Amino acid sequence: MGIECRLKTTHSNFSLDVDLSISLKGITAIFGPSGSGKTTLLRALAGLEKNNGYLKVGDAIWESEKHFLPTHLRSIGYVFQEPSLFQHLSVRGNIEYGYKRSKISDQSVMEKAIELLQIDHLLNRKAAELSGGERQRVAIARALSSAPKILLMDEPLASLGEKHKKEILPFLELLHTELDIPIIYVTHSVDEVAYLADQLILLDGGKVSASGEIAEMLTRLDLTLSHGERAASLIQAIVGEYDENYKLTYIDFSGGRFTVPRKQLSKGDRVRIRIEARDVSLTIHQQSETSILNILPVIVDEIADEGDAQVLVKLRVGNDLLLSCITRKSAQQLDLKVGKKLYAQIKSVALLS
Amino acid sequence: MLNEFDLNALIVTLKLAAISTVILLLFGTPLAWWLSRTRWKLKALLEALIALPLVLPPTVLGFYLLIALGSNGPLGEISQWISGQPLAFTFAGLVVGSVIYSLPFVVQPLQNAFSSIGSRPMEVAATLGATPVDRFLTVAVPLARTGFVTAAVLGFAHTIGEFGVVLMIGGNIPGETQVLSIAIYDHVEALEYGNAHWLAGGLLLASFITLVVVYSLNRRFSLFKGGD
C-alpha cells in the first residue's frame with residue numbers, strides 16, 4: 001500500500017511543506033530534530049490537523065481540494081506520545097473502544113495484539129493502576145483493536161524511562177513481524193530508527209530532506225545521519241550454524257559471515273546487525289595473525305571528509321553497505337580510491353534483534 | 001410544624017428547582033462544551049453575559065425579567081400568543097427566571113470540567129473511529145461527571161434559594177408561585193417565628209447535607225483521575 005501526500009500548513013512560527021510518495025511496508029520512520037514537523041505530518045495523516053493538500057492512501061483519497069475525510073472515518077490506529085488511556089474505562093474498555101467502532105467484526109487482530117503485548121492479565125485493571133510501560137502497551141493494543149490499515153506512532157517511547165523503553169521495543173518489533181500492518185513511526189532517536197525502521201523519511205525545517213531504504217539512508221555520506229559519533233551501518237542477516245566447540249554463533253549475510261559469541265537465537269532467525277563506523281578498520285591484505293574474527297572483503301564506494309583529521313568511507317560488501325571511519329593519514333597510506341578492493345576488520349557488531 | 005401553605009410552598013419550590021435544573025443541564029451542557037472548545041474572539045462577551053447573575057442584585061434581573069415576561073414584553077407576547085396569557089406571575093415565568101438566574105452555576109462547573117479534559121482524549125476517540133457525538137457521550141461526559149454533579153447540585157440549590165427574582169416576577173401566589181424563601185419572609189413579616197424556624201432550619205440542614213454529599217462524591221471521583 002502506498003501513500004501520496006502533498007501537504008502544506010503554516011503555524012505561527014513553523015511551516016510544513018511536504019510532497020511525498022511512499023510505499024508502505026514494514027516500519028517507515030519519520031526522523032528529524034524537534035521542531036522539524038514530524039508530529040505535524042503524522043497528525044495531518046490522521047486528519048487531526050487540517051491542511052490544504054492532497055492525501056491518498058492506497059486507492060482512497062482522504063484529502064483533496066474539496067474533500068476532507070474526518071479522522072473517525074480513516075482506517076488508522078494512532079499511538080500518542082503519552083499513553084492517553086481513557087481514565088473512566090478499564091483496560092479492557094479502553095482496548096475494546098476501537099474494536100466496537102470498527103466495521104470489521106473480526107476480533108483476531110485485537111486478540112493477537114493483546115497476546116503479543118502481553119497484557120491479558122491487565123484487562124480488568126483501571127488505567128491509573130498501570131505502570132508507564134504497561135500503559136503504553138495498552139495504548140498500542142487499543143490502537144490496533146480496530147484492525148487499522150496503517151498504524152501511526154508518535155514517539156511512543158519518548159515519555160518512557162530507559163527501562164520501559166527496553167521493555168516496549170521488542171513488542172514493537174513483534175508487531176512488525178507478526179501483524180501485517182504498516183507502521184509510520186515518528187522519532188528523534190537514532191537508536192530506535194536503527195532498531196525498527198525499514199524505511200526512513202528525513203524531515204528538516206518542515207521539508208523532506210531525503211527518504212529511502214534504511215540501510216542505504218544510514219550510509220549516505222551526503223546526509224548528517226552518517227556522520228558523527230554514532231555513525232553506523234545496518235545489515236540484515238540470517239542466523240546460521242552454531243559452533244558448539246567455541247560457543248560461537250555464525251550469522252550469514254550477502255557479503256559473507258559474521259562470528260559472534262553465542263546468542264539465544266535459532267538457526268534461520270532474521271537479525272539486524274549494527275556496525276559502528278569507528279569499529280571498522282581497513283587493511284590492504286587479509287590479516288591472519290589477528291584477534292579479530294570478522295574480516296570481510298569490501299570495495300570502496302564513496303569517501304567523504306569527517307572533520308579535519310578523519311574520513312568516512314562507504315564500503316560495499318556483497319549487496320550490503322558498511323561505514324568505516326579512519327584517519328585521513330591512514331586513507332592516504334592505503335591510497336583509498338573509489339573501486340579499490342580492501343579488507344574490513346570489524347571489531348564489534350551489535351545484534352539488534 | 002408545616003401548615004398547608006408551607007407544604008404548598010415546599011412543593012412549588014422543589015418542582016421549580018427540578019424543572020429548572022433539567023432545563024439548565026440540557027441547555028447548559030452544549031453551551032459549556034462550545035465555550036470550552038471555541039476560539040471565538042467574542043467568547044469573553046458571552047461568558048460575561050452568563051456570569052452577570054452572579055454579580056447583579058436579583059431585583060435588577062427581576063425587574064428586566066418582569067418587563068420581558070409581561071404582556072408587553074417580547075417573551076410575554078410570545079407566551080400570550082401561544083397560551084393566551086403573559087409569563088409574569090405564572091409558574092412558567094418562574095422557570096424562565098430561574099434558568100437565567102442559575103445559568104452561571106451550571107455552565108461554569110461544566111465548562112471547567114470540559115476544559116480540564118483537554119483535547120487529547122477526544123482525539124484518541126476520533127482515531128478509534130468514534131463520531132463527534134459518540135465521543136462527546138462516551139468520553140467527554142463520563143470524564144466530566146464531577147462537573148455534572150456539581151452543576152446539577154448548584155443549579156438545584158441555587159434555584160431553591162432564590163428570592164429577589166421570584167419576588168419580582170412571581171407575585172407570591174400560594175400553590176402557584178409562592179416558594180419557600182418567600183414563605184419564610186411572609187412568616188417573619190407576620191411575626192410567626194415558629195413557622196419561620198421550621199422552614200429556615202429545614203433549608204439550612206438540607207443545603208448542608210447536599211454540599212457534604214457533593215464534596216465527598218467529588219473526592220471519590222478524583223481518585224480515578226490518576227496521572228497519565
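Quick summary incoming for the structure in this document.

1. Points about the environment of Leu180 of chain B
Line of reasoning, step 1. You can see Leu180 of chain B is positioned in helix 10 (residues 180–189).
Line of reasoning, step 2. In this structure Leu180 of chain B touches Asp6, Ala9, Leu10, Thr13, Leu199 and Leu203 of chain B, once residues within four positions along its chain are discounted.

2. What to know about the packing of aromatic side chains
Residue and element names in this part refer to chain B.
Line of reasoning, step 1. The final tally for this structure, using the stated rule, is ten aromatic pairs over all chains.
Line of reasoning, step 2. Measuring from centroid to centroid gives 5.1 Å for Trp33 and Phe114, while their planes differ by 90°, and the two rings are edge-to-face. Here the residue Trp33 occupies a position in helix 1 (residues 4–37), and Phe114 occupies one in helix 5 (residues 91–117), the gap between them amounting to 81 residues. A single burial state applies to Trp33 and to Phe114, both of which are buried.
Line of reasoning, step 3. The rings of Trp33, Phe114, Phe136 and Phe148 are connected pair by pair, giving a single aromatic cluster.
Line of reasoning, step 4. Lys15 extends its terminal NZ or CZ atom over the ring of Phe91, reaching a point 4.6 Å from the ring centre.

3. Points about the pairing of strand 7 (residues 150–154) of chain A
Every regular strand shows the same layout, with side chains that alternate between the two sheet faces.
Residues and elements named next belong to chain A.
Line of reasoning, step 1. Counting buried positions along strand 7 yields five of five residues, so the element is predominantly enclosed.
Line of reasoning, step 2. In this sheet, strand 7 lies alongside strand 6 (residues 76–79) in parallel orientation, the contact comprising four bridges. Of the residues in strand 7, the one forming a bridge with Gly77 is Leu151.
Line of reasoning, step 3. Where strand 7 and strand 8 (residues 183–187) come together, four bridges link them in parallel fashion. Bridged to Leu152 within strand 8 is Ile184.
Line of reasoning, step 4. Handedness of the crossover joining strand 7 and strand 8 through helix 5 (residues 162–178) is recorded here as right-handed.

4. Quick word on unusual backbone geometry
Leave glycine aside and you will find that most residues have negative phi; peptide bonds, for their part, are mostly trans.
All names here are of chain A.
Line of reasoning, step 1. The phi dihedral of Glu155 is positive, around 40°, even though this residue is not glycine.
Line of reasoning, step 2. Mapped onto the fold, Glu155 is located in the loop between strand 7 and helix 5.
Line of reasoning, step 3. A positive phi angle, close to 55°, is found at Lys247, a residue other than glycine.
Line of reasoning, step 4. Among the structural elements, Lys247 can be located in the loop between strand 11 (232–243) and strand 12 (248–253).
Line of reasoning, step 5. Note on Lys247: relative accessible area 41%, which makes it partly exposed.

5. Points about the packing of helix 2 (residues 43–55) of chain B against helix 5 of chain B
A pair of packed helices is captured by two measures, namely the crossing angle of their axes and the spacing between those axes.
Residues and elements named next belong to chain B.
Line of reasoning, step 1. The geometry of helix 2 relative to helix 5 is characterised by a closest axis approach of 6 Å and an angle of 125° between their N-to-C directions. Between helix 2 and helix 5, the interaxial angle falls into the category oblique. For the crossing formed where helix 2 meets helix 5, the hand is left-handed. In this structure, helix 2 uses Lys43, Glu47, Ile50, Ala51, Pro53 and Leu54 to contact helix 5, whose residues at the interface are Ile100, Tyr101, Leu103, Pro104, Phe105, Val107, Gln108 and Gln111.
Line of reasoning, step 2. Of the residues contributing to the contact of helix 2 with helix 5, the split by class is ten nonpolar, two polar and two charged.

6. Let's talk about a nonpolar patch on the surface
Line of reasoning, step 1. Residues Leu205, Phe208, Ile209, Val212 and Val213 of chain B make up a contiguous nonpolar surface patch of roughly 480 Å² in combined accessible area.
Line of reasoning, step 2. Along the chain, the position of Val212 of chain B falls in helix 11 (residues 193–223).

7. Regarding the pattern of salt bridges
Residues and elements named next belong to chain A.
Line of reasoning, step 1. Here the structure, examined in full by the defined rule, presents 24 salt bridges over all chains.
Line of reasoning, step 2. In this structure, the salt-bridge partner of Glu244 is Lys247, at a minimum N-O distance of 2.7 Å.
Line of reasoning, step 3. When its relative accessible area of 49% is taken as the criterion, Glu244 is described as partly exposed.
Line of reasoning, step 4. With a closest N to O distance of 4.0 Å, Lys314 and Asp301 form a salt bridge. On the criterion of sequence distance, the pair formed by Lys314 in strand 17 (residues 310–317) and Asp301 in strand 16 (residues 294–306) is long-range, its members being 13 residues apart.
Line of reasoning, step 5. Exposure remark for Lys314: the relative accessible area of 7% places this residue in the buried category.
Line of reasoning, step 6. Note on Asp301: relative accessible area 26%, which makes it partly exposed.
Line of reasoning, step 7. Residues participating in the shared-partner salt-bridge network are Asp191, Glu229, Arg230, Arg274, Glu276 and Arg278.

8. Here's the deal with the interface of chain A and chain B
Line of reasoning, step 1. Taken residue by residue, the interface counts 22 residues in chain A and 23 residues in chain B.
Line of reasoning, step 2. Across the pair Glu123 of chain B and Arg43 of chain A runs a salt bridge whose closest N-O atoms are separated by 2.7 Å.
Line of reasoning, step 3. Partitioning the side of chain A that touches chain B into residue classes produces ten nonpolar, six polar and six charged.

9. Thoughts on the nonpolar core
If you look at soluble globular proteins, the nonpolar side chains tend to sit buried side by side.
Line of reasoning, step 1. Grouped together as the largest cluster of nonpolar side chains are 73 residues, with contacts concentrated most on Ile3, Cys5, Leu41, Ile150, Leu152 and Ile184 of chain A together with Phe114 of chain B.
Line of reasoning, step 2. No other element matches helix 5 of chain B, which puts twelve residues into this core.
Line of reasoning, step 3. Dropping the residues within four chain positions of it, Leu41 of chain A is found in contact with Cys5, Leu7, Leu16, Val18, Leu20, Ile30 and Leu203 of chain A.
Line of reasoning, step 4. Ile95, Met153, Leu175 and Leu352 of chain A belong to the second largest nonpolar core, which has 54 residues in total.

10. What about helix 6 (residues 120–127) of chain B?
All names here are of chain B.
Line of reasoning, step 1. Most of helix 6 is tucked away, with seven of its eight residues classed as buried.
Line of reasoning, step 2. Of all the positions in helix 6, only Pro121, Met122, Glu123, Val124, Ala125, Ala126 and Thr127 are classed as buried.
Line of reasoning, step 3. Note on helix 6: the residue one or two positions beyond its end, Gly129, has a positive phi of about 95°.

11. Section: the packing of helix 5 of chain B against helix 8 (residues 145–161) of chain B
All names here are of chain B.
Line of reasoning, step 1. At a minimum axis distance of 8 Å, the contact between helix 5 and helix 8 shows a crossing angle of 165°. In terms of orientation, helix 5 lies roughly antiparallel with respect to helix 8. For the pair helix 5 and helix 8, the crossing hand works out as right-handed. Side by side, helix 5 and helix 8 meet where Ser98, Tyr101, Ser102, Phe105, Val106, Pro109, Leu110, Ala113 and Phe114 of the first sit next to Gly147, Phe148, Thr150, Ala151, Leu154, Gly155, His158 and Thr159 of the second.
Line of reasoning, step 2. Grouping the amino acids of the contact of helix 5 with helix 8 by side-chain chemistry returns ten nonpolar, seven polar and no charged.

12. Structural notes on helix 3 (residues 58–69) of chain B
Line of reasoning, step 1. Taking 1.5 Å of rise per residue, twelve residues should cover 16 Å, and helix 3 of chain B covers 16 Å from first to last C-alpha, within 8% of that figure.
Line of reasoning, step 2. Buried residues along helix 3 of chain B sit against helix 2, helix 4 (74–83), helix 5 and helix 9 (164–170) of chain B.

13. Observations concerning the pairing of strand 4 (residues 52–57) of chain A
All names here are of chain A.
Line of reasoning, step 1. Bridge count for strand 1 (residues 2–11) against strand 4 is six bridges, and the pairing is antiparallel. Opposite Leu7, over in strand 4, you have Gly53 as the bridge partner.
Line of reasoning, step 2. The turn linking strand 4 back onto strand 5 (residues 60–63) is made up of two residues, and Gly58 within it adopts a positive phi angle of 65°.

Rules used throughout
- Residues numbered from 1 in each chain as written.
- Chains lettered and ligands numbered in written order.
- Predicted model: local features only at pLDDT ≥ 70, side-chain atom pairs only at ≥ 80, totals over all residues.
- Heavy atoms only, no water.
- Helix = DSSP H or I, 4+ residues; strand = E, 2+ residues; numbered from the N terminus.
- Contact = heavy atoms within 4.5 Å.
- Phe/Tyr/Trp six-rings, centres within 6.5 Å; stacked < 30°, edge-to-face > 60°.
- Buried < 20%, exposed > 50% of the residue type's maximum accessible area, 1.4 Å probe, protein only.
- Lys NZ or Arg CZ within 6 Å of the ring centre and 35° of its normal.
- Pairing = 2+ DSSP bridges.
- Right-handed = clockwise from strand over helix to strand, strands pointing away.
- Axes fitted to C-alpha atoms, helices over the stretch in contact; angles between N-to-C directions.
- Parallel < 35°, antiparallel > 145°, perpendicular 65-115°, else oblique.
- Left-handed = near helix turned anticlockwise from the far one by under 90°.
- Nonpolar A, V, L, I, M, F, W, Y, C, P; charged D, E, K, R; others polar.
- Patch = residues over 30% accessible without salt bridge, like charges linked within 9 Å, V, L, I, M, F, W, Y side chains within 5 Å.
- Areas by Shrake-Rupley, 256 points an atom, 1.4 Å probe, with all protein chains shown as cover.
- Salt bridge = Lys/Arg side-chain N within 4 Å of Asp/Glu carboxyl O.
- Core = buried A, V, L, I, M, F, W, Y, C linked by side-chain atoms within 4.5 Å.
- Expected span 1.5 Å × (residues − 1).

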